[in-house]
Amino acid sequence: MRQKILAFAGAVCLIFSLWTAQAQSESPFKLTKFSLEARADFDYLYSQNSPVPDSVAPTHHFGFNGKYFNLLLGGDLGHNFSFFFRQRIIAHPGSVSLFDNTDFLYVQYQFNPRWRIRVGKEALPVGGFEYDAPPIDVYYYTQYWGDFYCFQLGTSVSYTDKKEKNTLTFGFGNSPYVRTAADWKDGLIGFNFLWNGNYKHFKTLYSANLYRRNTQNQWVSFIVLGNKLDFEKVSWYVDFIHKTYDFKEWFQYYLLVSRLDVPLCKGLNLFAKGGYEYNHGDDPWTMTFMNESFPSFGTHYFYGLGLEYSPLKAPGLRLHGYVAMANMIDTQLPTERQSRTLNVNAGVTWKIDFLKFFKHYYSVPSGKD
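Residues numbered from 1 in each chain as written. Predicted model: local features only at pLDDT ≥ 70, side-chain atom pairs only at ≥ 80, totals over all residues. Heavy atoms only, no water.

*Asks:* Please clarify how the packing of aromatic side chains should be interpreted in this entry.
*Replies:* Each pair of aromatic rings is reported with the distance of its centres and the angle of its planes. Within the structure shown, the criterion is met by 28 aromatic pairs. Aromatic side chains phenylalanine 148 and phenylalanine 222 sit 5.6 Å apart centroid to centroid with 65° between the ring planes, which places their arrangement in the edge-to-face category. Here phenylalanine 222 lies in strand β10 (residues 219-230) and phenylalanine 148 lies in the loop between α3 (143-147) and β6 (151-160), a separation of 74 residues in the sequence. The same class applies to phenylalanine 148 as to phenylalanine 222, namely buried. Measuring from centroid to centroid gives 5.3 Å for phenylalanine 172 and phenylalanine 191, while their planes differ by 35°, and the two rings are tilted. Of the two residues, phenylalanine 172 is situated in strand β7 (residues 166-174) and phenylalanine 191 in strand β8 (residues 189-199); the sequence distance between them amounts to 19 residues. On the basis of relative accessible area, phenylalanine 172 is assigned to the partly exposed category, the value being 37%. One aromatic cluster in this structure is built from Phe81, Tyr109, Phe111, Trp115 and Tyr159. If you follow lysine 243 out to its NZ or CZ, it ends over the ring of tyrosine 253, 4.2 Å from the centre. Taking NZ or CZ as reference, arginine 259 lies 4.3 Å from the ring centre of phenylalanine 271, over its face. (Phe/Tyr/Trp six-rings, centres within 6.5 Å; stacked < 30°, edge-to-face > 60°. Helix = DSSP H or I, 4+ residues; strand = E, 2+ residues; numbered from the N terminus. Buried < 20%, exposed > 50% of the residue type's maximum accessible area, 1.4 Å probe, protein only. Lys NZ or Arg CZ within 6 Å of the ring centre and 35° of its normal.)

*Asks:* Sorry if this is basic, but what is going on with the nonpolar core here?
*Replies:* Grouped burial of nonpolar side chains is what soluble globular proteins tend to show. Core analysis: the biggest nonpolar cluster contains 33 residues, and Val126, Tyr131, Tyr140, Tyr144, Phe148, Tyr211 and Phe222 have the highest contact counts within it. Of all the secondary-structure elements, those providing two or more residues to this core are β4 (102-112), β10, β12 (253-265) and β17 (317-330). Excluding residues that lie within four positions of it along the chain, tyrosine 140 makes contacts with Glu130, Phe271, Ala272, Lys273, Phe302, Tyr303, Gly304, Leu305, Tyr322 and Ala324. (Core = buried A, V, L, I, M, F, W, Y, C linked by side-chain atoms within 4.5 Å. Contact = heavy atoms within 4.5 Å.)

And the structure:
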């Protein structure tokens, strides 16, 4: 652990030296993002399963837990080339590949004002606003969001129209099932097509996706329809996701998830979120019942209400709290099993913009002649 801390400190010093050297040279390299972000929560979880023996009591779990600690870097490399990097700083190494804990690590080439190409690791071009949000900003979520490992190596090409209202993206790269079903060299690939629409108060994130799920050449298709209304006083999104492994089995796996945000005053936001998932497909969830986990098919629904607060004098700080209920039902067993969970959470997120600090520090006169 000590070696990791020293290595991280060395990386920070190296980046700082590059940034200061850049200010004194005419190099085309320009650092545009250099920040850290972290989130820590206090969670209370009350779980009740049924049917259970009379001797088995409901479970209570509570305590403080670190959720995220990320390093973000981005910049211009010159001649329309740029890069972006986001690394989750965690205490254990990856188990599948070198870049397991790296969310983004790509190079982008803007070869035309309306065309760009990316190569490297990034989030797969999949629709939906729950999916699109940075993980550090997602509090409670669908099983789909929790199970779908979206950060994969590949390439993508995007086109944006003249009015910048529509962006079309085609992606080709590793399938999300590389992480769970096979190794990178087993030929699990995926194809993605995403439409990002931005029409003043109405926004879309629609996609069609096709992924190879195992070495037996079985494929899975996704249709995702993300819709958002965005006004000054309120914003509301509704996502619909449909997944199928066989075109003869439509509507065996689908979900709806929605979130409503209402700013109460400057810095204070009220949000409500809920969702419903139906899974009788070919890809089970993991259900916990009496301290044992097992594959589960059935329904999952949840709902909750929460607050976010960012002090006006400390915009890099965010406090949050919410109460959420969840219910998971396994309907494919002779005796129906059900798990109910109450989650009460309070937490803090902070973001440290080193680049903004350095620019401010070196631009402020020292007061000496």
